[in-house]
Amino acid sequence: MSAGPIRRLTSVSALPPELRGAVVAIGNFDGVHRGHQAVLERADEIARREGRPLVCLTFEPHPRTVFRPQDPVPRLTPAPMKARLLAALGFEAVIEQPFSRDFAGLSADSFLGDILVGGLGLMHVVVGFDFHYGARRAGTPALLREAGARLGFGVTCVEAFTDEGGETVSSSRIRAHLAAGEVAEAAGLLGYRWTVEAEVTGGQRLGRTLGYPTANMRLHEEATLGHGIYAVRFRRADGRLHDGVASYGRRPTFDNGAPLFETHLFDFSGDLYGETAEVSLFGFLRPEEKFDGAEALVRQMDRDAEAARALLAAVRPLSALDDTIAFALGGDAATS
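Analysis parameters
Residues numbered from 1 in each chain as written. Predicted model: local features only at pLDDT ≥ 70, side-chain atom pairs only at ≥ 80, totals over all residues. Heavy atoms only, no water. Helix = DSSP H or I, 4+ residues; strand = E, 2+ residues; numbered from the N terminus. Buried < 20%, exposed > 50% of the residue type's maximum accessible area, 1.4 Å probe, protein only. Contact = heavy atoms within 4.5 Å. Pairing = 2+ DSSP bridges. Axes fitted to C-alpha atoms, helices over the stretch in contact; angles between N-to-C directions. 1 Å grid on protein atoms, 1.4 Å probe; cavity = no way out; pocket = protein on both sides within 12 Å on 5 of 7 lines; lining within 4 Å. Points joined across faces, edges and corners; volume = space filled by probe spheres on them. Salt bridge = Lys/Arg side-chain N within 4 Å of Asp/Glu carboxyl O.

Student: Looking at this model, I keep getting lost on the environment of G118. Mind explaining?
Tutor: With respect to the element layout, G118 can be found in helix α5 (residues 108-120). By relative accessible area, which is 45% here, G118 ends up partly exposed. With 106 residues separating them along the chain, G118 and V12 place their C-alpha atoms 9.4 Å apart. Residue contacts for G118: discarding those within four places in its chain leaves R20 and G113.

Here's what the structure looks like:
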């Protein structure tokens, strides 16, 4: 497994000649969870065996957001984080194909001819059991196999992945866990600690006056996370890691304002403003609550910090992917 640089391409038409003839995994892959990983790892196996490039074709924005803009999908992994995870799984490039109503209107035959054969010139395609393509989702896995035999590319459809309890792993299950603050349960389905990425911005400096300076981040507008206090690991732009304790919520003791993700880094002093950082969530400590003044809040923050330090001292990687994302230095992504 490599965590090296990955090329982020803006459409199939941007695919360079050296990446044609690739093994291509296709899907939305929001969350890049254990079910997705079964598809992605199968593509990696085939690419290694055949000595071919390894490419992922995904779609931006999420199709449901295009068709139901009033009810957008709460994204688990916006495009930059998805690219980071794909890089850690060994992919050389990810094509973030723009998804629109016009693109969705392509017939199944046009999707095969214009995208897969003409655009990608792929050698083999790997998809999940529920993959459909073309207008009105007319293309099915069975039709894809028939087309592959006719047009000269291999097809692998990976069966549904179930967890230890026999339930299918899905992005919707993970979103529900995160909305409830159940980050450990979400990690069990993801196979890695859920990680957010955002720029560190200035704030009211309330934490500094309380003895707990924080790095403040506005999460992606479609993010879903229960308000509360979490044990976290913070990755700076240069890859350095710091354990910490984070609060996500509206600060009811002070202003009850817009949701903000505030991380206090243990044993750290310095200026983080303007950095794009990643924060991996390891455990939920307690719900957000309102205190009778700053003194009571600080006493609780002391207890939160102690609990977070204890939890983080005992953590171990859940997988090689988790090790790359939440424990070790990571790779970069280049956009073209």
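Student: Quick question: what am I supposed to make of the side chain of T263 here?
Tutor: Locating T263 in the fold gives a position in strand β11 (residues 260-265). T263 has contacts with P213, T214, A215, V232, F234, V245, A246 and V279, leaving out every residue within four places of it along the chain.

Student: Before we go on, may I ask you to explain the sheet that holds strand β7 (residues 195-201) in this structure?
Tutor: Adjacent strands of a sheet pair through backbone hydrogen bonds, lying either parallel or antiparallel. The strand order around the closed barrel built from 6 strands is β7-β8-β11-β10-β9-β12, with neighbouring strands paired in antiparallel fashion. For this sheet the average axis-to-axis angle between neighbouring strands, irrespective of direction, equals 45 degrees. With 8 bridges joining them, strand β9 (residues 228-235) and strand β10 (residues 241-249) adopt antiparallel strand pairing. Across the sheet, residue G228 finds its bridge partner in β10, namely Y248. Contacts from helix α3 (residues 79-88) reach β7, β9 and β12 (276-287) within the one sheet, and its direction differs from that of β7 by about 130 degrees.

Student: Looking at this structure, I do not really get the layout of surface pockets. What am I missing?
Tutor: Roughly 1,100 Å³ of internal volume is contained in the largest pocket. As for the largest pocket, its lining consists of 41 residues, of which G27, N28, D130, F131 and R137 are closest to the centre. Elements supplying a minimum of two residues to the lining of the largest pocket: α1 (34-50), α2 (63-67), α4 (101-104), β5 (124-128) and α7 (171-179).

Student: Would you mind showing me how to read the pattern of salt bridges here?
Tutor: Two side chains of opposite charge can pair, provided their charged atoms sit close to one another. Inspection of every chain in the model, using the stated rule, returns 24 salt bridges. A salt bridge links R309 to D267, with the shortest nitrogen-to-oxygen separation between them at 3.4 Å. In this pair, R309 is assigned in helix α10 (residues 294-313) and D267 in the loop between β11 and β12, connecting sequence segments 42 residues apart. R309 sits in the partly exposed class, given a relative accessible area of 40%. With relative accessibility at 70%, the residue D267 sits in the exposed group. For the salt bridge of E289 with R286, the shortest nitrogen-to-oxygen distance reads 3.5 Å. With relative accessibility at 37%, the residue E289 sits in the partly exposed group. According to the relative accessible area criterion, R286 is buried, its value standing at 10%.

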